[in-house]
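# Remarks on the overall topology
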Amino acid sequence: QVQLVESGGGLVQTGESLGLSCTASGDIANVYDMGWDRQRPGKQRESVARISRDGDIKYADSVKGRFAVSRDNAEHIVVLQMTSLKPEDTATYFCYVQIRMTVDPRTIGYWGQGTPVTVSS
């Protein structure tokens, strides 16, 4: 069993900053890619940022230069630092972790329950 606990969502104004954090826990053998997705109102879920265990990072074009993803491999934490927020960043943000459990040989992706971010104009 794997649990993902997200925190940091909230309401901010255009141009402000916000940090999101996600901690994975449970019967974890290995954690591979981590990152964040988001689902904007009326839109499909999209990948925002991904970071590999070795630190390779990919961002969606819409957030490059404004968002920064990082991770703590020892604590199974992934963080998304968001700056220069825009109204179009308003979405529910979902933590993503790719995990192999100690009791399951499969590598499986997991998503958190989601934390809302609202950017007012």
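Residues numbered from 1 in each chain as written. Predicted model: local features only at pLDDT ≥ 70, side-chain atom pairs only at ≥ 80, totals over all residues. Heavy atoms only, no water.

## A closer look at the overall build of the protein
If you tally the helices and strands in the protein, you get zero helices and eleven strands. Seen in sequence order, the protein has helices and strands lined up from the N terminus as β-β-β-β-β-β-β-β-β-β-β. Taken over C-alpha atoms, the radius of gyration comes to 14 Å for the protein, in line with the 14 Å a tight globule of 121 residues would show. Overall size of the protein, expressed as C-alpha extent along the three principal axes, is 45 × 25 × 25 Å. Out of the 121 residues belonging to the protein, those deemed buried represent 38%. Expressed as a percentage of contacts within the protein between residues at least 6 apart in sequence, the contacts between residues at least 24 apart total 56%. Summing over all exposed atoms, the protein offers an accessible surface of approximately 6400 Å²; the carbon and sulfur share of this is 45%. Considering the protein, the positive charge centre built from 13 side chains and the negative charge centre built from 14 side chains are found 5 Å apart. (Helix = DSSP H or I, 4+ residues; strand = E, 2+ residues; numbered from the N terminus. Rg over C-alpha atoms; globule rule 2.2 N^0.38 Å. Buried < 20%, exposed > 50% of the residue type's maximum accessible area, 1.4 Å probe, protein only. Contact = heavy atoms within 4.5 Å. Areas by Shrake-Rupley, 256 points an atom, 1.4 Å probe, with all protein chains shown as cover. Lys, Arg positive; Asp, Glu negative; His and termini not counted. Charge placed at Lys NZ, Arg CZ, Asp CG, Glu CD.)

## A few points about the sheet that holds strand β1 (residues 2-7)
Pairing is antiparallel in the open sheet, where four strands are placed in the order β1-β3-β8-β7. One side of each edge strand has no neighbouring strand; the edge strands of this open sheet are β1 and β7 (67-72). The average angle at which neighbouring strand axes cross in this sheet is 15 degrees, direction not considered. Of the pairings in the sheet, the one linking strand β3 (residues 18-26) to strand β8 (residues 77-82) comprises six bridges and is antiparallel in character. (Pairing = 2+ DSSP bridges. Axes fitted to C-alpha atoms, helices over the stretch in contact; angles between N-to-C directions.)

## Here's the deal with the state of the cysteines
On inspection of all chains with the given rule, the structure shows one disulfide. The partner cysteine of C22 in its disulfide is C95, sulfur to sulfur 2.0 Å. Taking the torsion about the S-S bond as the criterion, the C22 to C95 disulfide, at about -80 degrees, is left-handed. Separated by 73 residues along the polypeptide, C22 in strand β3 and C95 in strand β9 (residues 91-101) bring together distant segments of the chain. Since its relative accessible area comes to 0%, C95 is described here as buried. (Disulfide = S-S within 2.5 Å.)

## Comments concerning the pattern of salt bridges
If you walk through the whole model with that rule in mind, you get seven salt bridges. Taking the shortest distance from any N to any O, the salt bridge between D37 and R50 comes out at 2.7 Å. Of this pair, D37 sits in strand β4 (residues 28-39) while R50 sits in strand β5 (residues 46-51), and the two are 13 residues apart along the sequence. By relative accessible area, which is 18% here, R50 ends up buried. Across the pair E46 and R38 runs a salt bridge whose closest N-O atoms are separated by 3.0 Å. Residue E46 is classed as partly exposed on the basis of its relative accessible area of 22%. Its relative accessible area of 1% is what places R38 among the buried residues. One connected set of salt bridges, linked through shared partners, spans R38, R40, E46, R66 and D89. (Salt bridge = Lys/Arg side-chain N within 4 Å of Asp/Glu carboxyl O.)

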